[in-house]
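# A structural walkthrough
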Amino acid sequence: MATSVEQATLKNTGSFRLPDGSGVVRPDELPWTPWALPGTYFKLLSINRRTGMWACAMKIDPNTHTDVHYHFGDAHIYVTGGGYSYEHDRVNAGEYNIECGSVAHEPIIGDDGLENFVVFYGGISGIGPDGKPAGDYVDVEWMYNAAKANNAAEHLPAPPPARESFPAH
């Protein structure tokens, strides 16, 4: 076990995972990855394939138009910079918002843009002309693959290996 002097001299760089699945993520060392809408970016911090949860830092450029979208599960959002509005109110830096699952909405991003920490409990998609979910389904694997393509997923668990095919009966 490291002494307090040894602990004080650790270099504190690089994100990593421990053998037990725990880990440390240093978001400042991760690149921003383009997200599903133009003008939106994320840093994927954690994923849980068993539950469909993912946590990320997000930012949205000022005055970006965000299409109406549908949440399949809750999203818990802590705004760290800027803010956004809905028809009912504005959510500002330092405030916390819960967007319930099974809800479609369209946030409005203003002149100050948006930076936040968000935990998604399920996927998200666009809305079709009939008012039902449509388009890309952004979920844990979509997020992981986008982060991996941007060299920003080394701290995350890789997908499990493919299972062998079972013979047909």
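A brief look at the structure comes next. Remember, predicted model here, so these are calculated numbers, not experimental data.

Rules used throughout
- Residues numbered from 1 in each chain as written.
- Predicted model: local features only at pLDDT ≥ 70, side-chain atom pairs only at ≥ 80, totals over all residues.
- Heavy atoms only, no water.
- Core = buried A, V, L, I, M, F, W, Y, C linked by side-chain atoms within 4.5 Å.
- Buried < 20%, exposed > 50% of the residue type's maximum accessible area, 1.4 Å probe, protein only.
- Helix = DSSP H or I, 4+ residues; strand = E, 2+ residues; numbered from the N terminus.
- Contact = heavy atoms within 4.5 Å.
- Pairing = 2+ DSSP bridges.
- Arc of directions from axis to C-beta.
- Polar contact = N/O pair within 3.5 Å; in protein donor to acceptor, adjacent residues only side chain to side chain.
- Axes fitted to C-alpha atoms, helices over the stretch in contact; angles between N-to-C directions.
- Salt bridge = Lys/Arg side-chain N within 4 Å of Asp/Glu carboxyl O.
- Patch = residues over 30% accessible without salt bridge, like charges linked within 9 Å, V, L, I, M, F, W, Y side chains within 5 Å.
- Areas by Shrake-Rupley, 256 points an atom, 1.4 Å probe, with all protein chains shown as cover.

## Thoughts on the nonpolar core
Residues Phe42, Leu44, Trp54, Cys56 and Phe120 are the most contacted members of the largest nonpolar core, which totals 28 residues. When residues in this core are grouped by element, the largest group, five residues, is from helix H2 (residues 140-149). Not counting chain neighbours up to four residues away, the residues in contact with phenylalanine 42 comprise Pro31, Trp32, Thr33, Pro34, Trp35, Cys56, Ala57, Met58, Trp142, Met143, Ala146 and Ala147.

## A word on the pairing of strand S9 (residues 96-99)
With burial as the criterion, only one face of S9 is covered, namely that bearing Asn97 and Glu99; the residues Tyr96 and Ile98 on the opposite face remain uncovered. Pairing of strand S7 (residues 75-85) with S9, which is carried by four bridges, proceeds in the antiparallel orientation. Bridge pairing in S9 links isoleucine 77 to asparagine 97.

## Some remarks on H2
Residues of H2 that are buried: Val140, Met143, Tyr144, Ala146 and Ala147. All buried residues of H2 project into a common sector of 165 degrees when viewed along the axis, lining one side. Backbone nitrogen of glutamate 141 and a side-chain oxygen of the N-cap are separated by 3.3 Å at the start of H2; the cap is aspartate 139. Backbone geometry just after H2 places asparagine 151 at a positive phi near 55 degrees.

## Here's the deal with the sheet that holds strand S12 (residues 124-127)
The strand order across the open sheet built from four strands is S10-S6-S12-S13, with neighbouring strands paired in antiparallel fashion. In this open sheet, the two strands that pair with only one neighbour each are strand S10 (103-105) and strand S13 (133-138). Sheet twist, expressed as the mean angle between neighbouring strand axes with direction ignored, is 30 degrees. Note that strand S6 (residues 69-71) and S12 share three bridges and pair antiparallel. Of the residues in S12, the one forming a bridge with histidine 69 is glycine 126.

## A look at the pattern of salt bridges
Two side chains with opposite charge may pair up if their charged atoms get near one another. Following the criterion strictly, the structure yields two salt bridges and no others. A salt bridge links glutamate 141 to arginine 49, with the shortest nitrogen-to-oxygen separation between them at 2.3 Å. Remark: arginine 49 occurs in the loop between strand S4 (40-48) and strand S5 (53-60) and glutamate 141 occurs in helix H2; sequence separation between them is 92 residues. A relative accessible area of 26% means that glutamate 141 is categorised as partly exposed.

## Some remarks on a nonpolar patch on the surface
Taken together, the side chains of Tyr78, Tyr96, Ile98 and Phe117 make up a nonpolar region of the molecular surface, amounting to roughly 400 Å² of accessible area. Relative to the elements of secondary structure, tyrosine 96 occurs in strand S9.

## Describing the environment of alanine 153
One can find alanine 153 in the segment after H2. Residue alanine 153 is classed as buried on the basis of its relative accessible area, which comes to 7%. Through-space distance from the C-alpha of alanine 153 to that of arginine 163 is 23 Å; in sequence the pair is ten residues apart. Alanine 153 has contacts with Tyr144, Ala147 and Lys148, leaving out every residue within four places of it along the chain.

## A look at the environment of proline 27
For proline 27, the position within the fold is in the loop between strand S2 (23-24) and strand S3 (33-34). Taking the C-alpha atoms as reference points, proline 27 and glycine 14, separated by 13 residues in sequence, lie 9.3 Å from one another. Once residues within four sequence positions are removed from consideration, proline 27 is found in contact with Lys43 and Leu45.

## What about unusual backbone geometry?
Peptide bonds are trans in most cases, and residues, glycine excluded, mostly fall at negative phi. Despite not being glycine, serine 102 shows a phi value in the positive range, around 65 degrees. Take serine 102: it is sitting in the loop between S9 and S10. Overall, the relative accessible area of 52% leaves serine 102 in the exposed class. Of note, asparagine 151 is a non-glycine position whose phi angle comes to about 55 degrees, a positive value.

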